[in-house]
Amino acid sequence: MEAEALFEAHTAAELRAVERRLRAGIEQKREELRQMVGERYRDLIEAADTIAEMRLSAERLLGAVRGLQRGGATRPGPAAPALPPAQEGFYRAAAQLKLLLEVPEKVWGAVEGGRYLPAARLHLLGAHLRRQLQLDAPRARSSPVLARFPILLRQVAAVSHLRATILQESKALLKSQTVSDQAVAEALCAIMLLEDSSPRQALADFLLARKLAIQQLLNQPHHGAGIKAQVCSLMELLTTTLYQAHALFYTMPEGMPPDPALPCGLLFSTLESATGQRPAGKGGVLEEEVKLSSWFRYLPESVVEFQPALRTLAHPISQDHLRETLQKWITMCSEDIRAGVSNLLVYVKSMKGLAGIRDAVWELLTSESVSQNWDALCHRLLDKPASLWEDLLQQLFLDRLETLTKEAFDSISSSSKQLLTVALQELEVQPSTSAPSKHIQFEHNVALFLWSESSNDLPCDAAWVSVANRGHFTKSGLSMKAQALTPCVQSFCSGLDSKLKTRLDDLLSYLPMDSSAKDAAPVVQPRSAFDRYADAGTVEGLLRDRCVACIHHVLGCVREELQSTQSLLGGQADAPSDARLNAVLFMARLCQSLTELCPHLKQCVLGRSDSSEMVLKETRSTKKLGKGKAQEVSPVQAKWQGVKAELLQQSLFAYQIWSSAVTKGLVECFTRTLLLDTAGSVLATATSWDEIEIQEETESGTTVMSKIRLPVQPSWYVQCLLFSLCQEVNRVGGHTLPKVTLQELLRTCMAQVLAAYEKLMEEKQEKKAGTFPVTQNRALQLLYDLRYLSIILTARSEETKPSRIKHDSRMEKVIDFLEGHIDPFDLDVFTPHLNSNLNRLVQRTSVLFGLLTGTENQYTSRSGTLSSQEQHIILPLASSQIRFGLLPLSMSSSRKTKSASRSTDRVQVPPPVLTRAEDEASQPGSLFRQLVTEEEDTAAPSLFKLGWLSGMTK
């Protein structure tokens, strides 16, 4: 604003004049500042020079004085003239007063230099001088000495604080773990001299100081990485205390030679040198510098030869008392250490950090300075071996490790539950409300996922690396499709597996690097303080238990969802919604594939995977070879098998809910159509019949040609039922459905179909007025439908024989009812042709309904002559021209050898029982699985084995 006012009030020339005045003022102030700083700097230089000259002058003066003193002491002078007794007594008193005034300064100097034993001796000398001069007497104030020298009153008051200072500094030194044994011995001797205490009291003072040092060390502020240093300092303090207790207080038994590696009795030798009597002229407390003074010769002999003494003799400490005292001290300190270290370990957030602290403690206790004489030391002091790690820290580390493991797996459990909830919510969204994502569409229709192409279907190295040579964790997109593992399932399992891998990697830092270390006997180094990995089995057990608990928690969440869905579906009268069933199928696939897509789950349960997998492989190989008895399963493997069994059970439970819901919806529609009792409904569901010419013999013996009409196709609602059932199975990835689930689906469907026919039979038996009668043609069609459904929906296996008998008894009643509406003579004529039509129909529809009929190898042989082409596994052929050629399956060299050897013996041998591998190959989707998971011949590139498949599409 001032600048604007200047421009408004003045012209340009006036503004230039103002500018010149301002610049001149600035330059003037700058020059004044330079002059002021320069003058002050010169004064400072002159003062520094003066100080340096004074220091040099003082040093020259002190040197000259010292030279005069040395010259006077060495030059022999004339003998001192004998003084009169009165004057000699005066000089003696004056010398003592002179020494008494110098003692406090010398005591302070010794205290500042850390020489507490000389300080204590000088303090006791001062007390002796005061007694000599009668300054401590009750009537000391009336003493003529104090009357002439009143400064002594102040000196006596100042000296009273020296004793407390020496004691305080000496006891503070006892808390330090870095001081030498000699320094500790001198500090203890100073305390004993000043307090006139015994060696037992000195031991108590020493241990009390170290206990306070431990508490002070544990109560220091801690910051992450400093916890390792604190724990190591604590262990170093404990070991140093025991070594110094031996060096100071332990005395060798009589007749035992001293051990140079373990010194002992240092306190008593130091105390003896501080209090023992010495030859005349060689003892005393006074230093050599005082003895050079001119007044030294006037000091009385009692002052010159003064030596402090204890009132009672310092008897050595017995070994029993020393042992008891140290054991009590260790017991008291253990409580503080456990509480303090537990508080410190709270700030360690990983097992790697715990392993780092443990290894640092191991290195400290295994170092040569600590471990070299540790056993002998513990035997002498405690009469038993002592391990600081096992007695104090090991359980604390295990407790913290258990807490970390629990927190980690609780976090995994909660996050897995959250992921499961989010996935189910996404799956239960109705398609009409919003457009689902591609992954959600794959969950709704797995067939869409199976037959969609993506860039990761084959690995980039599929052309030159066979399946057998690929890593265990490498999964191609095609293998995921072969197992019907949708992207949502893969995403959930990969997230869980990555968290388990993080936990496992963190825990492995606490375990030995060599996987055989926990199985073999622990190899401990010759001078190792303790076995770091002695608790490896316990640690793996903690991991295993927490991991299994985590899986149980996830299974509990799945079980709750499935039970709520089951109750909800059970209460619905109409068909269940696809959204609910999609969630159920997702949980079924998730439980089914969790052990496959989470390899680190297996490692968490089994521990080190190498040895466990070797044992499992050996078990499988012996079972394949059929050698003797079954292998014994270890508890760890039994727990893993239990986890797999629980997951499989939960998966089967989910599939059971789906199969029940699907069967209920489809069979209800089938039942409604079957029970429609109008002529129009019967005609609407009827199919064309076949006209067959037959020869009949009359009563006269002549043959007559006649035509009969028989059904060759099932009713439309029967075909719709089977086709819809195949669609539902195909929509969820039928080739990966468990065999038990598929058989249960067929069994349930057949039971409900029979119930529908029984209901029809009951209605017709009531013969209500106005109902459409069961004609012979309709009875033939219903009989044909029922027998066809029985063939398609009945699972022929060893497990289902009892149930077949039960179903057959119910079916016989319905068949008898239907046959009762057919003329017996016509029935005898129709039955062979009806059976022929039925067999032909089953063969023709075996491909269309292959997901239902493929569980059993029903039509393995169709002719008596066997050609060379039947070395392959082929689809059953109808008698008419088939549209497909043979579909050979890729076979390993071993299976080719088996089939070749069997073809030579097959002429007179009945059809062999299918082995397990061949039985699996006959199941739906076995071709798809083998293209991806079969171990290929290494001599031929794996990519070109699919050439025959590409030729089919041309």
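Everything numeric in this text was worked out from a predicted model, so none of it was measured.

J.: I keep staring at the overall build of the protein and nothing clicks. Help me out?
T.: Looking only at helices and strands, the protein has 38 helices and two strands in total. Considering only residue pairs separated by 6 or more positions, the protein has 80% of its internal contacts joining residues 24 or more positions apart. Just so you have it, the protein exposes about 53500 Å², and 55% of that area is on carbon and sulfur atoms.

J.: Whenever I open this one, the packing of aromatic side chains confuses me. Can you help?
T.: In total, this model carries six aromatic pairs according to the counting rule given. Ring geometry for Tyr 243 and Trp 374: centres 6.2 Å apart, planes at 50°, overall tilted. Of the two residues, Tyr 243 sits in helix H10 (residues 226-249) while Trp 374 sits in helix H17 (residues 374-381), which places them 131 residues apart along the sequence. Of the two residues, Tyr 243 and Trp 374, both sit in the buried class. Taken together through their ring pairs, the aromatic side chains of Trp 389, Phe 397 and Phe 530 make up a single cluster. Lying over the aromatic face of Tyr 510, Arg 358 brings its terminal NZ or CZ to 4.4 Å of the ring centre. The ring of Trp 362 is capped by Arg 532, whose NZ or CZ atom sits 3.9 Å from the centre of that ring.

J.: What should I look at first to understand the packing of helix H8 (residues 181-195) against helix H11 (residues 266-275) in this one?
T.: Following both chains from N to C, one finds H8 and H11 inclined at 55°, their axes separated by 9 Å at the closest point. For the element pair H8 / H11, the angle class is oblique. The handedness of the crossing between H8 and H11 comes out as right-handed. The residues of H11 that touch H8, namely those facing Asp 181, Gln 182, Ala 185, Glu 186, Leu 188, Cys 189, Met 192 and Leu 193, are Leu 266, Leu 267, Thr 270, Leu 271 and Thr 275. Grouping the constituent residues of the contact of H8 with H11 by class yields eight nonpolar, three polar and two charged.

J.: What is the right way to look at the pairing of strand E1 (residues 689-697) in this model?
T.: The two faces of the sheet receive side chains in turn, since in a regular strand these alternate between them. Strand direction decides the pairing type here: E1 and strand E2 (residues 703-711), joined by nine bridges, are antiparallel. Among the inter-strand pairings, Gln 695 is bridged to a residue of E2, identified as Met 705. The loop that links E1 with its antiparallel partner E2 comprises five residues; one of these, Gly 701, has a positive phi angle of about 100°.

J.: What am I meant to see in H17 here?
T.: Because each turn of an α-helix spans 3.6 residues, side chains separated by three or four positions end up pointing in the same direction. Residues of H17 that are buried: Trp 374, Leu 377, Cys 378, Arg 380 and Leu 381. One side of H17 holds all its buried residues, which, seen down the axis, span an arc of 165°. Set apart from the buried face of H17 by more than 90 degrees, the exposed residues are Asp 375 and His 379. The secondary structure elements touched by the buried residues of H17 are H10, helix H14 (319-345), helix H16 (368-371) and helix H18 (388-427). The positive-phi residue at the C-terminal boundary of H17 is Asp 383, with phi of around 60°.

J.: So what exactly am I meant to see when it comes to the pattern of salt bridges here?
T.: Inspection of every chain in the model, using the stated rule, returns 18 salt bridges. One salt bridge connects Arg 55 with Glu 59, and the closest N-O pair in it is separated by 3.3 Å. Of the two residues, Arg 55 and Glu 59 both sit in helix H2 (residues 12-74), four residues apart, roughly one turn of that helix. We classify Arg 55 as partly exposed; its relative accessible area is 49%.

J.: Looking at this structure, how should I read the side chain of His 600?
T.: Among the structural elements, His 600 can be located in helix H25 (residues 599-606). A polar side-chain atom of His 600 sits 3.0 Å from a polar atom in the side chain of Asp 497.

J.: Where do I start with the environment of Leu 674 in this structure?
T.: Residue position: Leu 674 is located in helix H27 (residues 635-674). Considering only alpha carbons, one finds Leu 674 and Thr 685, 11 residues apart in sequence, at a separation of 9.0 Å.

J.: Sorry if this is basic, but what is going on with a negative patch on the surface here?
T.: Negative charge collects at one region of the surface, where Glu 39, Asp 43, Glu 46, Asp 49 and Glu 53 lie side by side. One can find Glu 39 in helix H2.

J.: Help me understand unusual backbone geometry, please; the structure alone is not making it clear to me.
T.: Note: most peptide bonds trans; most residues except glycine with negative phi. Backbone geometry places Asp 196, a non-glycine residue, at a positive phi of 55°. As for its position among the elements, Asp 196 is in the loop between H8 and helix H9 (199-218). Non-glycine residue Asp 383 carries a positive phi angle of around 60°. Relative to the elements of secondary structure, Asp 383 occurs in the loop between H17 and H18.

J.: Before we go on, may I ask you to explain the side chain of Thr 240 in this structure?
T.: Looking at the secondary structure, you find Thr 240 in helix H10. If we ignore the near neighbours within four places in the chain, the residues touching Thr 240 are Gln 177 and Arg 210.

J.: For this particular structure, what's the right way to read a nonpolar patch on the surface?
T.: A grouping of Leu 33, Met 36 and Val 37 is seen on the molecular surface, where their side chains present a nonpolar patch of about 280 Å² in accessible area. Inspection of the secondary structure puts Met 36 in helix H2. Owing to a relative accessible area of 43%, Met 36 belongs among the partly exposed residues under this scheme.

J.: Sorry, what's going on with H14 here?
T.: The end-to-end C-alpha separation of H14 is 37 Å, in line with the 39 Å expected for 27 residues at 1.5 Å each. For H14, the set of buried residues is Leu 322, Arg 323, Thr 325, Leu 326, Trp 329, Cys 333, Ser 334, Ile 337, Gly 340, Val 341, Leu 344 and Leu 345. Buried-residue contacts for H14 involve H9, H10, helix H15 (351-366), H17 and H18.

J.: Would you explain the confidence of the model for the protein in this entry?
T.: Detailed reading of predicted coordinates is not advised where the pLDDT is low. Summarising the model, the protein shows a mean pLDDT of 77, and 74% of its residues fall at 70 or more. Predicted confidence is poor over residues 798-807, with pLDDT under 50, and the contacts of this stretch with residues over four places away or in other chains come to nine contacts. The model gives residues 857-874 a pLDDT under 50, and that stretch makes 24 contacts with residues more than four places away or in other chains.

Criteria and thresholds
Residues numbered from 1 in each chain as written. Predicted model: local features only at pLDDT ≥ 70, side-chain atom pairs only at ≥ 80, totals over all residues. Heavy atoms only, no water. Helix = DSSP H or I, 4+ residues; strand = E, 2+ residues; numbered from the N terminus. Contact = heavy atoms within 4.5 Å. Areas by Shrake-Rupley, 256 points an atom, 1.4 Å probe, with all protein chains shown as cover. Phe/Tyr/Trp six-rings, centres within 6.5 Å; stacked < 30°, edge-to-face > 60°. Buried < 20%, exposed > 50% of the residue type's maximum accessible area, 1.4 Å probe, protein only. Lys NZ or Arg CZ within 6 Å of the ring centre and 35° of its normal. Axes fitted to C-alpha atoms, helices over the stretch in contact; angles between N-to-C directions. Parallel < 35°, antiparallel > 145°, perpendicular 65-115°, else oblique. Left-handed = near helix turned anticlockwise from the far one by under 90°. Nonpolar A, V, L, I, M, F, W, Y, C, P; charged D, E, K, R; others polar. Pairing = 2+ DSSP bridges. Arc of directions from axis to C-beta. Salt bridge = Lys/Arg side-chain N within 4 Å of Asp/Glu carboxyl O. Polar contact = N/O pair within 3.5 Å; in protein donor to acceptor, adjacent residues only side chain to side chain. Patch = residues over 30% accessible without salt bridge, like charges linked within 9 Å, V, L, I, M, F, W, Y side chains within 5 Å. Lys, Arg positive; Asp, Glu negative; His and termini not counted. Charge placed at Lys NZ, Arg CZ, Asp CG, Glu CD. Expected span 1.5 Å × (residues − 1). pLDDT = per-residue confidence, 0-100.

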